[in-house]
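# A structural walkthrough
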Amino acid sequence: MLPKRSSVYSLLSFSLVFSCLAGMSKALSLKVHENPAVGYVHRSVMLPVSYTIAKSYKFLQITWSFNSELLLKYVRPCLPTSDKACKPQQFIAPAYRGRVSVFPQNASLQIEGLRPTDSGNYSLRVSLSDREQRAVVCLLVAGPRSKDTGEELTSQRSLTSAEEQSTNRERDKRRMELINVIRLVLSVLIPLFCYFLLRWLSKSSCGLQGSQDLLQQATSSRQDTQWTARQAITGDTLTKTCTYSQ
């Protein structure tokens, strides 16, 4: 007894659909190589994944999200070999700029300067023109290693020392500027002071000489007066003596 044609057609249709689905799944596959991924505070970590494409697709989009919020999106609208003017476009959330980057060849995500708040689930979506694959990677951020702590302390000490040296250099520079200003002021004031001092001394010497001359004149006049008085007294005495003798 031969099977009915409807049953054969149904079987063939099911096989064709299954083959198409299998071919589509093989056209794009996504694999997570480490889950959960572990990182340390102040260090960098990579969320390692990879994808394979059965044939060259012009359109490729890689999207990373963190806790359901868009983190990074990379879009390649065409093949670089087919159109030299075709440039990939990339968007990074403002809070993560300078800290995250993606590797388009395998869709892995690199995170720099880890923080405790970076722990959580990172969702990945790789999309082609007609299909896509999704994956979730869990990241655990642990405290700094003892070696990292020592390096951090050494770095902080070096930074403090550099800041102190810079402060000392700035202080010495200001001190030299102040010394130069003082020298300039003194170079102007000292000659002026000497000039006025010499003028005052010359005037004082002239006044002193005049006073000495006046004093000498007064002394000479006094001596002349005394001599005249003595002569007068002596003359009177001689006169009286002569009178008494007679």
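## Notes on the pairing of strand E11 (residues 132-142)
Across four bridges, the pairing between strand E2 (residues 37-40) and E11 is parallel. By the bridge assignment, Ala37 is partnered in E11 with Leu139. The pairing of strand E10 (residues 120-127) with E11 spans eight bridges and is classified as antiparallel. Bridge pairing in E11 places Leu124 opposite Ala135.

## Quick notes on the side chain of Ser127
Along the chain, the position of Ser127 falls in strand E10. Taking relative accessible area as the criterion, Ser127 reaches 7% and is therefore assigned buried. Beyond its immediate chain neighbours, meaning those up to four positions away, Ser127 contacts Phe59, Leu60, Gln61 and Glu132.

## Remarks on unusual backbone geometry
Cis rather than trans, the peptide bond between Asn35 and Pro36 has omega equal to 5°. Relative to the elements of secondary structure, Pro36 occurs in the loop between strand E1 (28-32) and E2. We note that His42 has phi near 70°; this positive angle belongs to a residue other than glycine. Locating His42 in the fold gives a position in the loop between E2 and strand E3 (45-47). A relative accessible area of 54% means that His42 is categorised as exposed. In this structure, Ser68 is a non-glycine residue whose phi angle is positive, near 70°. Within the secondary structure, Ser68 is located in the loop between strand E5 (60-66) and strand E6 (69-76).

## Overview of the environment of Lys87
Take Lys87: it is sitting in the loop between E6 and strand E7 (89-92). Put simply, Lys87 and Pro77 are ten residues apart on the chain and 7.7 Å apart in space, counted from C-alpha to C-alpha.

## Concerning the sheet that holds E3
Two orientations exist for strands paired in a sheet by backbone hydrogen bonds: parallel and antiparallel. Strand order in this open sheet of three strands is E3-E9-E8, and the pairing throughout is antiparallel. Every other strand in the sheet has two partners, leaving E3 and strand E8 (100-103) as the edge strands with one partner each. Recorded for the sheet is a direction-independent mean angle of 20° between the axes of neighbouring strands. Relative to strand E9 (residues 108-111), E3 is paired through three bridges, and the arrangement is antiparallel. Residue pairing across strands places Val45 opposite Ile111, the latter belonging to E9.

## Topic: the sheet that holds E10
Strand order in the open sheet made by the six strands is E2-E11-E10-E5-E6-E7, with mixed pairing throughout. Only two strands of the sheet have a single neighbouring strand rather than two, namely E2 and E7. Across this sheet, the average inter-strand angle for adjacent strands is 20°, counted without regard to direction. Alignment of E5 against E10, held across six bridges, turns out to be antiparallel. Bridged to Ser65 within E10 is Ser123.

## Digging into the side chain of Arg131
For Arg131, the position within the fold is in the loop between E10 and E11. Look at Arg131 and you get buried, because its relative accessible area is 16%. Within polar-contact distance, the side chain of Arg131 engages the side chain of Asp130 at 2.8 Å.

Rules used throughout
- Residues numbered from 1 in each chain as written.
- Predicted model: local features only at pLDDT ≥ 70, side-chain atom pairs only at ≥ 80, totals over all residues.
- Heavy atoms only, no water.
- Pairing = 2+ DSSP bridges.
- Helix = DSSP H or I, 4+ residues; strand = E, 2+ residues; numbered from the N terminus.
- Buried < 20%, exposed > 50% of the residue type's maximum accessible area, 1.4 Å probe, protein only.
- Contact = heavy atoms within 4.5 Å.
- Axes fitted to C-alpha atoms, helices over the stretch in contact; angles between N-to-C directions.
- Polar contact = N/O pair within 3.5 Å; in protein donor to acceptor, adjacent residues only side chain to side chain.

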